[in-house]
Amino acid sequence: MSSHAVLPTEPLDVLIMGAGVSGIGAAAYLRRNQPGKAFAILESRERAGGTWDLFRYPGIRSDSDLFTFGFDFKPWTKDKSLADAKDILEYLSETVDEYGLEPYIQYQQKVVSANWQSEKGLWAVQVEDGHLGVTRTVECRWLFGAGGYYRYDQGFSPRFEGAEQFKGQIVHPQHWPEDLDYTGKHVVVIGSGATAVTLIPAMADKVASITMLQRTPSYIINQPAKDAVAAFLRKVLPAQTAYSLTRWKNAKITLGFWGFCQRFPKLARKLLLWLTRQELPKDYPVDVHFNPPYDPWDQRLCSVPEGDLFKAISAGKASVETDHIQRFTESGVLLKSGKELKADIIVTATGLNVQLFGGITLHKDGQPVTLSQTLAYKGMMLSGVPNFAFAVGYTNSSWTLKVCLLCDHFCRLLGFMDEQGHTVCEPQAPEGIETRPLLDFGAGYVQRALDGMPRQGPCEPWVMSMDYFRDVKLLRRGTVAEDCLKFTSAPVVRRQESVGLEPVSEGR
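Residues numbered from 1 in each chain as written. Predicted model: local features only at pLDDT ≥ 70, side-chain atom pairs only at ≥ 80, totals over all residues. Heavy atoms only, no water.

Visitor: If you had to explain the packing of aromatic side chains to someone new, which residues and values would you point to?
Guide: Tallied over the entire structure, the rule returns 29 aromatic pairs. Ring geometry for Y29 versus F73: centroids 5.5 Å apart, planes at 80°, classification edge-to-face. Separated by 44 residues along the polypeptide, Y29 in helix α1 (residues 21-33) and F73 in the loop between α3 (66-69) and α4 (85-98) bring together distant segments of the chain. On the basis of relative accessible area, Y29 is assigned to the buried category, the value being 4%. According to the relative accessible area criterion, F73 is buried, its value standing at 10%. The rings of Y29, F71, F73, W76, Y91 and Y99 are connected pair by pair, giving a single aromatic cluster. The aromatic ring of F469 is capped on one face by K252, whose charged end is 4.0 Å from the ring centroid. (Phe/Tyr/Trp six-rings, centres within 6.5 Å; stacked < 30°, edge-to-face > 60°. Helix = DSSP H or I, 4+ residues; strand = E, 2+ residues; numbered from the N terminus. Buried < 20%, exposed > 50% of the residue type's maximum accessible area, 1.4 Å probe, protein only. Lys NZ or Arg CZ within 6 Å of the ring centre and 35° of its normal.)

In structure tokens:
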């Protein structure tokens, strides 16, 4: 980025927090649908890409197909439908180039807090500048949270008894050492989620042994690496049409299967276990290692491309242990059953720490906003908090399917306000509305964090919907002028020449 690129003057129309999938998507949508809006993206790290740049462990890839994980306006053109981090970063980088977003991204800028000033109709946003080592204030009309839903600086790691006695190396996938050599080593991976099932086949060829140690199994489903229908459609249709149809088909299949699991959990369990048995040797104890105590989709299903995990197990290169950990020992892990697993390296793929809006504190006229007392409006705004929007994707299908709909709706809302001469929009929850937790999802990382999250109501528009097709109606086709939105006009603050907003020269 050139050091002379000057950002729009303040107050900005929109300040986007985060330059990952959601932030890049939001910025591209503004460029497409609201080209007159002045915006900037603040990214706390030194590079764009979010999750896909943060995680460096072997084999990192998406567990959603890229036809739905890509943006709706930019076709995914590679053959494989489950892509690795390198491909995803390349796709995001192309999006940044195509929409000329690079000059608008400022790196090493950590948003700490934001205060809504009613008399001005503006957010005053406190930003720690990592280049200059100072805290500055940026003013904006809208604040847009695109920071995903978990903490980047630390993963979740329960305390393991005896960890300090273990002579080998303990690694959390969120902090994978670049120089970690696991050739010929005995590795134990603690966990059974998406990270564990990715790591094991990626490491299996080089290690002496690798074991997935799980307290509870997950449902694991084989997914073909290539989408034959997509390949056919690409041959006969224009790229964008083929992509949109594939996206629609894959969203329909994912949501259809999720609905089937919700309605017929016993049947879904039978089907998933039957499919798993087909993948593994005849006498393999599938019921012990791949039969979770919960129903399908109470937690996210894990996809394995071309059954790579099952292949590693079948070939004897990887094994699974389902047991509880008694303690770490000098040379490995002692299990409650009395069995000891030998290890040179222990990988704690034990999950994430949930954190909304990048952990910032929101204030309204100097008073802190308590998130757990707010209601999520359409899954994108908070009751009682003016001009604040955010993007959180689906837990039951592709993250970006939801992000695109939210960004589209956000742009429509901005357009509506301009037409009507409004500058402030605040969702107001009905008196005495019944509330429930924001996410109805059994995963440990969600359960640990629910108390500090906003809540949802019993019906639209206060529902955190997990149904893409219902959201298409609500967000893409539905009205933006809902009765529960209070529109007002704050005094218009003239733009000042911004101070110290020149992006610092930055290599990508």
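Visitor: Give me the lowdown on helix α7 (residues 239-263), citing residues and values where you can.
Guide: Helix length check: α7 (25 residues) gives 36 Å between terminal C-alpha atoms against 36 Å at 1.5 Å per residue, within 8%. Taken together, the buried positions of α7 are occupied by A242, Y243, T246, R247, N250, A251, L255 and C261. In the core, the buried residues of α7 are packed alongside α3, α4, α6 (228-236), α8 (265-279), α11 (399-420) and α13 (468-477). (Expected span 1.5 Å × (residues − 1). Contact = heavy atoms within 4.5 Å.)

Visitor: I'd like a rundown of the pairing of strand β22 (residues 424-427), residues and numbers included.
Guide: Every second residue of β22 is oriented toward a common face, with V424 and E426 on one face and C425 and P427 on the other, all of them buried. The pairing of β22 with strand β25 (residues 485-488) spans four bridges and is antiparallel. The residue of β25 that forms the bridge with C425 is F487. (Pairing = 2+ DSSP bridges.)

Visitor: Account for empty space enclosed by the protein, with residues named and values stated.
Guide: In total, this model carries two cavities of 30 Å³ or more according to the counting rule given. Considering the residues around the second largest cavity, the lining is formed by V21, F69, G70, F71, I88, Y91, L92 and T400. With three residues, α4 is the largest single contributor of residues to the lining of the second largest cavity. Its residues assigned to classes, the lining of the second largest cavity comprises six nonpolar, two polar and no charged. (1 Å grid on protein atoms, 1.4 Å probe; cavity = no way out; pocket = protein on both sides within 12 Å on 5 of 7 lines; lining within 4 Å. Points joined across faces, edges and corners; volume = space filled by probe spheres on them. Nonpolar A, V, L, I, M, F, W, Y, C, P; charged D, E, K, R; others polar.)

Visitor: I'd like to hear about the layout of surface pockets, residue by residue, with values.
Guide: Considering only enclosed or pocket space, the second largest pocket measures out at about 600 Å³ in volume. As for the second largest pocket, its lining consists of 25 residues, of which D65, Q223, I253, T254 and S303 are closest to the centre. Those elements that provide at least two residues to the lining of the second largest pocket are β10 (220-223) and α7. Sort the elements by how many residues they give to the lining of the second largest pocket and α7 lands first, with six residues.

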